[in-house]
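Each chain, letter by letter, is given below.
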Amino acid sequence: MVREIQFRLNGKDVSVICDPLKRLLDVLREDLGMVGTKEACGEGECGACSVLRDGAIVTTCMIPMGAVQGCEITTIEGLRETERGKCLIEAFADGGAVQCGFCIPGMVIAAESLLASNPHPTNEQIRHGISGNLCRCTGYDLIVDSIRLASERGNGLW
Amino acid sequence: MRETPIGTPIRRLDAISKASGTQMYLSDYRFDGMLYSRMVRSTVARGRIAAINMPPLPDGYYFITHKDIPEGGVNELYMIKKDYRCFAEGDVRYIGETIGLLVGPDRGVLLDLEQGIVIEYEEGVPSISIEEGLACKGGPFVGDRNLFCDFTIDKGNIDEVLAKAYRVVEDEINTGWQEHVHLETNAAVAEKEGDKFIINISCQCPFYVRKSVAGLMNRPFEDIIVRQTTTGGAFGGKEHFPDILAGPLLVAVNKIGKPIQLVFDRHEDGAFSVKRHPSRTRFKTALDKDGNILGMDIDVVYNAGAYESCSYVVLQRGVFHAAGVYTIPVTRVRGRAVATNTFPSDAFRGFGAPQTLFAIEVHMCHLANELGIDPLELKKRYFNKKGDITVTNGHINDTVVLSEMLQQVMEASGYAQKAATYKPGSGKGIGISFYNHGGAFTGNGEQMIIKAKAKLHRRADGIVAILVGSTEMGQGLQTALAKIVARVLDVDQDRVVYDNPDTSCVADSGPTVASRSTMIVGKLLERAALEMKERWEEPGEIITQAEYQHPEGYPWDQSTFQGDAYITYGWGVCAVEVEVDPLTREVITKGVWSSHDVGVPIDELVVKGQIHGGIIQSLGYAAMEKLENTAKKGFKQVGLSDYIIPTSMDFPAQTATLVHNPYPYGPFGAKGMGELVFNGASAAFIDAVSRAVDTEIRSIPIPPETLTELMKHGA
Ligand code: FES
Ligand code: FES
């Protein structure tokens, strides 16, 4: 049942031995102690568990470990160490994007994924870019403003 | 140099840790030797437990029930009343009632065990809806009428007014259940430290949790320590509900002696947690021949579910807000909380006010339609003014600036021109609503029940710690309170700290509810800080404290509900513009504009975040958050794929303004605002949709399929 799965996590090689059906979310949070990635629905609806897999945003509650073999995974723990991550976090703080915070690591990942493909999005494009991430606190406006702020401040980063 | 206004935004204290993912929430912690648990719940809405057939439990696994309650402990969770049981015993009253707690080291095994439990019931006939509850379907189970409470308040003699009226307009408005959907589900870890019980829990009110379980555990308060963990949203859903987790966990810890975690998954949190009270509000409005409103007879019924919890208090707030922001010469308001076999209804942002405020707004629109005038024209005539008599024969003490706020919203939204050009039924509509929210506990509750205290501690390292039981749950309280203290002390913001409360260390500043924390606790901290400032030159540590003092001159009689139900209110105006697709009946919201009176904002960005979030939650309530309940299955929409909350694509960017209207008893002039901002957008939305499709709407939510039905068959 179990097998060895190798992948890159935040720039480092990792190998875990587990059931290939085990959720990436559980491996991150429980086996690897990376609890910045949150679980809020467990069924791919809310985006709180988002990470980047080979640069594309995925919900880790829906990703079995078998689908991670050989991939590059970036979590909030990795992103926050980068210039882009720092820029996003600062902009989220200054723009008032953060309330309870439970959706926010996933939102930061979504923002990175958006800006990586579109460094200067319009408000509509930002709304579209975070439409897979639910937030119950903010009504989204200040998150949108904060992502626009990051895109302005981070000229050249993306 | 001019001092910057208090409202100038600062960076929230919790922003960086939350955005960078370093902030820990309950489910992120691991305790040595921690066990996991799963709740075993009733699968029938009403009946007797005939037998519980357990699969064999492997070593190290336990099934905890009422039989495990410590000696001398009582099977109760003491909320407002002592009627809510910790574990079902003999009978069950609703689907989801706690029967027991499975505990053990492996969650997969716990799940298998849960699925192997067979509970046999002798099923009764449940009542689910308000009508079934009132009709005592299946026989009453609370008193002889299924009513937790039934009371009436009169201003003048409505019977005489109705008898003499030129005409009487009757109306009925209904609202549905609403789920909080705090993104962090309910979660707790209980453990023992020496002979003390510790509960680490995502909650709003650590002292409520302590109070609720003391009788169950047969322990004095000091033996139970509640530590709030950073709370990923609450909205009222973590006011009393954490008690439901804490009780069984403590009974289990007492027996097993190891730390035990209980974290709900999303489906459990949706199916088996408290909700907003569904409501039915009926009006009989007396008009004279010129179309003036002479009086209103208002009958309010809330579906309280199977236990009272805080329903009586929720209902009081609903009743006291039943005339909205309007001064109606003569009123009678009757309120009833009916018992049904549904999951108990409980606190949810607005706490009973949104239902009646929605009802009065919709009813005023219907009256305007009857009279053939624009709803705004009718509403304006009855706006509350300072000195007006309320439905409880008290006074409006605020200088009410609704006209100024209306002006702001009219200008921003272009209401007048749009209301005139969008013809009824054209598919386009703009609506407007007015609302308020009484600040803090009703009547003299702050003085008689809560008696809040707040403490400040300048430590040896010179840092000032805020020691209160009030919690940060996303609303920005940590930042608001720390800002007040730093400002009074005139020290740098980073010299003031405010950690999550631990009931063994902080003063009981009362629950984090009722939009009271900035206004009441903030004021106490302002006073404690003023005293500390006077003593600032003293060497070493300084501790200062303040206790709540009720301002003189605001009489209230809690036994008759007469007098000033609230000393002050927050006020709001909201306009919403929609377009309705003629084929699919999909409603597209084109604009949302609002103005609020929160006294003086302590932080404009925090307030803005609350306004935008509250308004979207309110629009979701009206537009899409459909939650059905059946006798056989309980709540139907329990996951986020079925229970639909707004995404970033559902509503457009908002325009929100504030008016400056300082409140003399609040810190820096601030009033409460966390709930106010939920109270009105739903009515503006429904007003807009009603005009766009030229159909009166009497019930929310109204997803497209419901709108289609309504337009086919009429209201
Ligand atoms: S937890 Fe994965 S999408 Fe919600
Ligand atoms: S900040 Fe609370 S869910 Fe987004």
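Residues numbered from 1 in each chain as written. Chains lettered and ligands numbered in written order. Predicted model: local features only at pLDDT ≥ 70, side-chain atom pairs only at ≥ 80, totals over all residues. Heavy atoms only, no water.

A short note on the domain arrangement of chain B
Residues and elements named next belong to chain B.
- Here chain B is partitioned into domain 1 (34–124 + 180–271), domain 2 (348–441 + 561–713) and domain 3 (445–547).
- Distance between the C-alpha centres of domain 1 and domain 3: 32 Å.
- Of the residues lining the interface, 18 residues belong to domain 1; the matching set on domain 3 comes to 16 residues.
- For the pairing of domain 1 and domain 3, the buried interface totals around 1,300 Å² over both sides, and the portion due to carbon and sulfur atoms is 55%.
- On inspection of domain 1 and its partner domain 3, the count reaches one salt bridge.
- With its nearest N and O atoms 2.9 Å apart, the salt bridge here joins Arg-227 to Asp-502. (Domains from an automatic or database assignment. Contact = heavy atoms within 4.5 Å. Buried area = accessible area lost by both parts, 1.4 Å probe. Salt bridge = Lys/Arg side-chain N within 4 Å of Asp/Glu carboxyl O.)

Quick notes on the packing of helix H9 (residues 353–371) of chain B against helix H17 (residues 681–693) of chain B
Residue and element names in this part refer to chain B.
- H17 packs onto H9 with a crossing angle of 25° between their chain directions and a minimal axis gap of 9 Å. Between H9 and H17, the interaxial angle falls into the category roughly parallel. For the pair H9 and H17, the crossing hand works out as right-handed. Where H9 abuts H17, its residues Phe-358, Glu-361, Val-362 and Cys-365 lie against Ser-682, Ala-683, Ile-686 and Asp-687. (Axes fitted to C-alpha atoms, helices over the stretch in contact; angles between N-to-C directions. Helix = DSSP H or I, 4+ residues; strand = E, 2+ residues; numbered from the N terminus. Parallel < 35°, antiparallel > 145°, perpendicular 65-115°, else oblique. Left-handed = near helix turned anticlockwise from the far one by under 90°.)

Regarding the nonpolar core
- Among the nonpolar cores identified, the biggest contains 102 residues, and B:Phe434 and B:Phe685 are the most heavily contacted of them.
- Discounting chain neighbours no more than four positions away, the residues touching B:Phe685 are B:Val576, B:Val578, B:Val587, B:Thr589, B:Leu619, B:Ala622, B:Ala623 and B:Ile702.
- Among the nonpolar cores identified, the runner-up in size contains 95 residues, and A:Cys103, A:Ala150, B:Met79 and B:Trp177 belong to it. (Core = buried A, V, L, I, M, F, W, Y, C linked by side-chain atoms within 4.5 Å. Buried < 20%, exposed > 50% of the residue type's maximum accessible area, 1.4 Å probe, protein only.)

Thoughts on a nonpolar patch on the surface
- A surface patch of nonpolar side chains, about 420 Å² in accessible area, is lined by A:Met1, A:Val2 and A:Ile17.
- For A:Ile17, the position within the fold is in strand S2 (residues 12–18). (Patch = residues over 30% accessible without salt bridge, like charges linked within 9 Å, V, L, I, M, F, W, Y side chains within 5 Å. Areas by Shrake-Rupley, 256 points an atom, 1.4 Å probe, with all protein chains shown as cover.)

Examining the domain arrangement of chain A
All names here are of chain A.
- If you check the domain split of chain A, you get domain 1 (3–77) and domain 2 (80–153).
- On a C-alpha basis, the centres of domain 1 and domain 2 stand 21 Å from each other.
- In this assembly, 16 residues from domain 1 lie in contact with 13 residues from domain 2.
- The tally of links between domain 1 and domain 2 comes to zero salt bridges.
- Taken together, the links from domain 1 to domain 2 amount to three residue pairs in polar contact (both at pLDDT 80 or more).
- Every element with two or more residues in the side of domain 1 that touches domain 2 is listed here: strand S3 (50–53) and helix H2 (76–79).
- Here the element with the most residues in the side of domain 1 that touches domain 2 is S3; it accounts for three residues.
- Each residue belonging to the side of domain 1 that touches domain 2 can be placed in one class, and the counts come to seven nonpolar, five polar and four charged. (Polar contact = N/O pair within 3.5 Å; in protein donor to acceptor, adjacent residues only side chain to side chain. Nonpolar A, V, L, I, M, F, W, Y, C, P; charged D, E, K, R; others polar.)

Brief notes about the pairing of strand S12 (residues 260–263) of chain B
Residues and elements named next belong to chain B.
- Two strands pair when backbone bridges link them, and strand S1 (residues 35–41) and S12 are joined in this way by two bridges, in the parallel orientation. Within S12, the residue paired with Leu-35 across the bridge is Ile-260.
- For strand S9 (residues 187–193) and S12, the ladder comprises four bridges, and the chain directions are antiparallel. Within S12, the position partnered with Ala-187 by the bridge is Val-263. (Pairing = 2+ DSSP bridges.)

Focus on unusual backbone geometry
All names here are of chain B.
- Residue Pro-701 is reached from Ile-700 by a cis peptide bond, and omega for that bond is 0°.
- The phi dihedral of Asp-490 is positive, around 60°, even though this residue is not glycine.
- On the secondary structure map, Asp-490 appears in the loop between helix H14 (477–489) and strand S19 (496–497).
- Judged by its relative accessible area of 63%, Asp-490 falls in the exposed class.
- Even without a glycine there, the phi angle at Arg-585 is positive, about 65°.
- Inspection of the secondary structure assignment puts Arg-585 in the loop between strand S23 (569–580) and strand S24 (587–597).

Considerations on the pairing of S9(B)
Residues and elements named next belong to chain B.
- Of all seven residues in S9, five are buried, a share of seventy percent or more.
- Two elements, S9 and strand S10 (residues 196–202), share six bridges in a ladder whose sense is antiparallel. Looking at the pairing, Lys-192 lines up with Phe-197 of S10.
- Taken together, S9 and the strand that follows it, S10, pair antiparallel across an intervening segment of two residues, in which Gly-194 is found at a positive phi of about 60°.

Quick look at the environment of B:Ile298
All names here are of chain B.
- With respect to the helices, strands and loops of the structure, Ile-298 is situated in strand S14 (residues 293–305).
- By relative accessible area, Ile-298 is classed as buried at 0%.
- Along the sequence, Ile-298 and Ala-359 sit 61 residues apart, while their C-alpha atoms lie 10.0 Å from each other.
- Not counting residues within four places of it along the chain, the set of residues in contact with Ile-298 comprises Thr-281, Arg-282, Phe-283, Ala-322, Arg-332, Val-333 and Arg-334.

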